Amino acid sequence: MISERAQNVQPSATLKVTGRAKELKRQGKSIVSLSAGEPDFKTPKHICDAAIKAIRDGFHGYTMNPGTPELREAICAKLKRDNALDYEPSQVICSNGAKQSVGFSLLALVNKGDEVIIPAPYWVSYPEMTRMAEGNPVTVRTSFENDFKLSPEQLEDAITDKTKVLILCSPSNPTGARYSEDELKDLADVLKKYPEIYVISDEIYEYIVFDGEHTGILNVAPELKDRVLLVNGFSKGFAMTGWRLGYLAASEEIVSAFARIQSQETSAPSSISQKAAEAAYTGSLDEVKAMRDEFKKRRDYLVETLNAIDGVSCFTPGGAFYVFPDISGYIGKSQPDGSAIESSTDLCLYLLDEYGLALVPGDAFGEPNGLRMSYAASMDDLKEAMDRLKKGLSQLR
Ligand SMILES: Cc1ncc(COP(=O)(O)O)c(C=O)c1O
C-alpha cells in the first residue's frame, strides 16, 4: 500500500489540462492551448553555446552540492547588479529549478502542524509542498478588485501562533499581478511585528515585468534579510524550463539546512546546466528584454480583447505571462445541450471539448471565479483562442 503522504498529493491541475489537450490533439482535434506555463521561445544561443562547450570540455562530473563556486559567484553578482542585494556565495544554493528551491525551503523550515500562509489564487504546488512538509496551508482568498494581492489586514488576520512562513509570489503565477513598493512595505510592516515568521519570496518571473523594474520585499525591508528566502531561477526569463536550474539565496543557517536536505535527496543540479546558467547571468540580457517586449504586446492584446467580451473583466497584470480574467458572469449558465456550467472547471471543460480551447480553471488555483490563460503562445494562436472563447461564451444561456 502506498503511503498516506503520496495518496494525499494532488496531481498538478495545470499538467492535467495540458495532458487532456495533448490527448485530444493526438486524436486529430484542432486544439489551441493557452494552458502551459513555459515561454514559447528558444533559449538564447550564447547560453546554449556555453552548455555545448561544457560537454565538449568534459565538464561531466558531480559538482559541489550547492553548485559550482563560479555559478554562485555569478548569482551574487547578478543579485547585486539587478536587485541591489548583497549575498555571499555561501548564502546561495543551486537546485533543479525554482520548484525544488521552494519545496526544500519548506522542508528546511516547517515542522509538523506549522502554518504556511498562501495568498490565493496561488501557484498549484505551494499547498501540496506544504502538506508534504507536514505543514498546514492557510490559503487567504484575495480579491479581483485588489488585483488579487494580499492586503496587510488580510495578512494580519491570517497570522496565528502557529504561523511559520508566508509565501509571496510577485509577479504572480497564476494572475500576473505584481506588488508595488508601497504594497510590499505595508506587508513588511506587519511582518516586522512577528519576528518568528519567514517569507519565501518566489521571484521566478522577475525578468518578465512590463512597467518599471522588478521590486522584491528585500528592496523595501532589508531588515527582514535573515528571514527572507529569495527563490529564483532561469526557467522563465531565459526560456530555460527544461534545463532545470533554480536557486535559493538566504541566511547561511537556512542555506546549510537546505544543503543537508539536497545532499541526501538529489545532490547538485546538472553540471552542464550550471555552465549554461553562468553564461545567462554573465552575458547579454538583450534577448531576455526582446522576449519581455513580445510578452507585453500579447498581454495588451489579450486584456483589451477580454474586456470587450460581455460578462468578462480582466485587470492589466504587471508581469509574468498570464492573465486571470473574472468569468463569474458565466457560472450558473447552461450549455446548448442544457447541461449546467457550475464552476470554472465546467467552463474550461466545455471550451476544451466543444471549441478545442485549453485554459486552466481558477478552481485549480483556489479562485473559483477566474481562469488562467497563458500568453506564452504566438499572436496567431492568441487570436484564434479569443475567437473560440467568444464563440463558446456566446452559446451559453
Ligand atoms: C511561481 C512559480 N514558481 C516556481 C516555478 C518553477 O520554476 P522552475 O521551472 O525553475 O522549477 C514556476 C513554474 O511554473 C512558477 O510558476
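1. Some thoughts on the nonpolar core
Thinking step 1. Leu229, Leu248 and Tyr375 are the most contacted members of the largest nonpolar core, which totals 115 residues.
Thinking step 2. Counting contributing residues per domain, this core is built from domain 1 (4–30 + 287–394) and domain 2 (46–282), each supplying no fewer than three.
Thinking step 3. Apart from the residues within four sequence positions on either side, Leu248 is in contact with Ile93, Ser101, Ser105, Leu229, Leu230, Val231, Val255 and Phe258.

2. Re the packing of helix α5 (residues 98–109) against helix α6 (residues 125–132)
Thinking step 1. Orientation of α5 relative to α6, taken along the N-to-C sense of each, is 35°, at an axis distance of 9 Å. Handedness of the crossing formed by α5 with α6: right-handed. Mapping the contact onto sequence places Lys99, Val102, Gly103 and Leu106 in α5 and Ser125, Met129 and Thr130 in α6.
Thinking step 2. Residue classes in the contact of α5 with α6 are distributed as three nonpolar, three polar and one charged.

3. Some points on unusual backbone geometry
Thinking step 1. Cis geometry is found at the peptide bond from Ala120 to Pro121, where omega equals 0°.
Thinking step 2. Here Pro121 is to be found in the loop between β3 (115–120) and α6.
Thinking step 3. Asn173 connects to Pro174 through a cis peptide bond whose omega is 25°.
Thinking step 4. Within the secondary structure layout, Pro174 lies in the loop between β5 (163–169) and α8 (181–192).
Thinking step 5. Even without being a glycine, Ala320 presents a positive backbone phi close to 60°.
Thinking step 6. If you trace the backbone, Ala320 turns up in the loop between α12 (286–307) and β9 (322–323).
Thinking step 7. Under the C-beta neighbour-count criterion, Ala320 is labelled buried, with 30 such atoms within 10 Å.

4. Considerations on the pairing of strand β6 (residues 198–202)
Thinking step 1. Counting buried residues along β6, five of its five residues qualify, which places the element largely inside the surrounding structure.
Thinking step 2. With burial as the criterion, each face of β6 is covered, one bearing Tyr198, Ile200 and Asp202 and the other bearing Val199 and Ser201.
Thinking step 3. This β-α-β element, β5 to α8 to β6, shows right-handed connectivity.
Thinking step 4. In terms of strand pairing, β6 meets strand β7 (residues 228–233) through four bridges, oriented parallel. Paired with Asp202 across the two strands is Val231, which belongs to β7.

5. Structural notes on the site of the ligand
Thinking step 1. Surveying the vicinity of the ligand reveals 13 residues, the closest of which are Gly97, Ala98, Lys99, Asn173 and Ser235.
Thinking step 2. Here the shell around the ligand is built from residues that sort into four nonpolar, seven polar and two charged.

6. Re the domain arrangement of the protein
Thinking step 1. Domain parsing of the protein yields domain 1 (4–30 + 287–394) and domain 2 (46–282).
Thinking step 2. The C-alpha centroid of domain 2 is placed 26 Å from the C-alpha centroid of domain 1.
Thinking step 3. Mapped onto the side of domain 1 that touches domain 2, the elements with two or more residues apiece are α1 (4–8), α2 (13–26), α12 and β9.
Thinking step 4. The dominant element in the side of domain 1 that touches domain 2, judged by the number of residues it contributes, is α12, at six residues.
Thinking step 5. Of the residues in the side of domain 1 that touches domain 2, the class split is 14 nonpolar, nine polar and seven charged.

7. Considering the sheet that holds β7
Thinking step 1. An order of β2-β8-β7-β6-β5-β3-β4 is seen for the seven strands of this open sheet, with the pairing classed as mixed. The open sheet has two edge strands, β2 (92–95) and β4 (136–141), and neither has a second partner. The sheet shows a mean angle of 20° between the axes of neighbouring strands, taken without regard to direction.
Thinking step 2. Contacting β3, β4 and β5, α6 crosses the sheet at an angle of about 155° to β4.

8. Description of the sheet that holds strand β11 (residues 360–361)
Thinking step 1. Pairing within the open sheet is antiparallel, and its three strands lie in the order β9-β12-β11. Of all strands in the sheet, those bounded by a partner on one side alone are β9 and β11.
Thinking step 2. When β9 meets strand β12 (residues 371–374), the two strands line up antiparallel, connected through two bridges. Bridging across to β12, Val323 finds its partner in Met373.

Reading guide: rules and limits
Residues numbered from 1 in each chain as written. Predicted model: local features only at pLDDT ≥ 70, side-chain atom pairs only at ≥ 80, totals over all residues. Core = buried A, V, L, I, M, F, W, Y, C linked by C-beta atoms within 7 Å. Buried ≥ 20, exposed ≤ 12 C-beta atoms within 10 Å, placed from the backbone. Domains from an automatic or database assignment. Contact = placed C-beta atoms within 7 Å. Axes fitted to C-alpha atoms, helices over the stretch in contact; angles between N-to-C directions. Helix = DSSP H or I, 4+ residues; strand = E, 2+ residues; numbered from the N terminus. Left-handed = near helix turned anticlockwise from the far one by under 90°. Nonpolar A, V, L, I, M, F, W, Y, C, P; charged D, E, K, R; others polar. Right-handed = clockwise from strand over helix to strand, strands pointing away. Pairing = 2+ DSSP bridges. Near = placed C-beta within 6 Å.

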